[in-house]
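Reading the structure
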Amino acid sequence: MALPTFPAPVDALRRRHLLALAMGGPVGWPAARASAPVIRHSLRPMADGRLSYREEVLRLVLEKARPRFGDCELQFTGLVPQARAFSELENGRLDLCAAMTDVDRERRAVPVRYCLYRGLLGLRVGLGLPETVKRLESVDSLEALRAVRLGLVQDWPDYAIQRAAGLQVVRLANVSSGVARLRLGGFDLLPVGAVEADDVALEFELAKVWRWGLIYPTAFYFFVSPQQPQLAERLKHGFEVALHDGSFDALFGRFVEPTLHAMRVSQRQLFKFPNPLLPSATPLGRAELWHPLLGRLQPSV
């Protein structure tokens, strides 16, 4: 059976791609039936054409669901800002996106309540210019933290969470323009998830704060259009199978655990805050969905 062809990396963010969900090995997947449903998603591919962790998770759970739900195809529709993505989910122009949850997002789209990062995206690490990071490594109290100017993209739930905690937060349109403002002295640090800090620091040539971090409860889910309830059921079933057979933990261990270890999170002073945007339906009682490190981390403040 012929394998699908992939666009060159330079075109990865521009060209439509269809990926059949019947896994054929590391080099590709065989084509799905012509009648297979198409899942339009906005998961960002890697610049070099490799699959991102988020798309790896999506492919895994869809493959696990295939014996019950059948084949399907993936269609990358292009990068979409988070605020627009939820509008397109509501209107049926997009079938799936991945994002941090909050009450409003769960009202507008169907959350698939299995956190891709097992709760660790709520552990935030500051990025900044080397001289600024060196100066702010000494932050050791809530009073000192509240003197630090943080920059966050306005449509991230983190923006509202950290403002509610009484922190100084500068509103950003997006990360790229925000980093430009940071270089001009518009704010001090860009707090990002510990599991993504290395990639962001490398991309924008920023230094990382090593001695402290922020932590609050949150979850990062796949969200599905309300017009696609069967897709939500397909994903839920696939997650349950992947959790039961250990394949989700294996994927997480391969992609996320090395970064987590490198960030030395257990050695940091942590400032813990509540998350007023966390929906009450968040499955905090299912221990297997969350990283065990979260239970061991003791906030310093």
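Nothing here was measured: the structure is a model prediction, and the numbers come from that model. Position numbers for residues start from 1 in each chain and track the written sequence from start to end. Since the coordinates come from a predicted model, pLDDT governs what is reported: local features require at least 70, and pairs of side-chain atoms require 80 or more to be given and counted, while whole-chain, interface and lining totals use all residues. With hydrogens and water excluded, all non-hydrogen atoms of the structure serve as input to the side-chain values.

1. Brief notes about the packing of aromatic side chains
- Geometry of aromatic contacts follows a simple scheme: Phe, Tyr and Trp rings, the Trp one being its six-membered ring, pair when their centres are within 6.5 Å, and the pair is stacked under 30 degrees between planes, edge-to-face over 60, tilted otherwise. Applying the stated rule across the entire model yields 10 aromatic pairs.
- When the centroid spacing of 4.8 Å and the interplanar angle of 5 degrees are considered together, the rings of Y114 and F239 count as stacked. Taken together, the residues span a long stretch of sequence, with Y114 in the loop between strand 5 (110–112) and strand 6 (123–128) and F239 in helix 9 (residues 229–245) at a distance of 125 residues.
- Plain terms: the ring middles of Y117 and F220 are 5.3 Å apart, the flat faces sit at 75 degrees to each other, and that makes the pair edge-to-face. Taken as a pair, Y117 in the loop between strand 5 and strand 6 and F220 in strand 12 (residues 220–224) lie far apart in primary sequence, 103 residues in all.
- Note on exposure labels: buried denotes an accessible area under 20% of the residue type's maximum, exposed denotes more than 50%, and partly exposed covers the range between, all computed with a 1.4 Å probe on protein chains only. Of the residues examined, F220 reaches a relative accessible area of 4% and is grouped as buried.
- Through pairs of rings, three or more aromatic residues link up here, namely Y114, F222, F239, F248 and F252.
- When the ring centre of F252 is taken as origin, the NZ or CZ atom of R118, which lies over that ring, is 5.5 Å away.
- Geometrically, a charge over a ring is one whose NZ (Lys) or CZ (Arg) sits within 6 Å of the ring centre while staying within 35 degrees of the ring normal. Over the ring of W210 we find R264, and its NZ or CZ is 4.3 Å from the ring centre. Only DSSP runs of H or I with at least four residues qualify as helices, and only runs of E with at least two residues qualify as strands; both kinds are numbered from the N terminus onward.

2. Let's talk about unusual backbone geometry
- Phi is positive for R118, which is not a glycine, with a value near 55 degrees.
- Relative to the assigned elements, R118 resides in the loop between strand 5 and strand 6.
- Using a relative accessible area of 11% as the deciding quantity, one classes R118 as buried.

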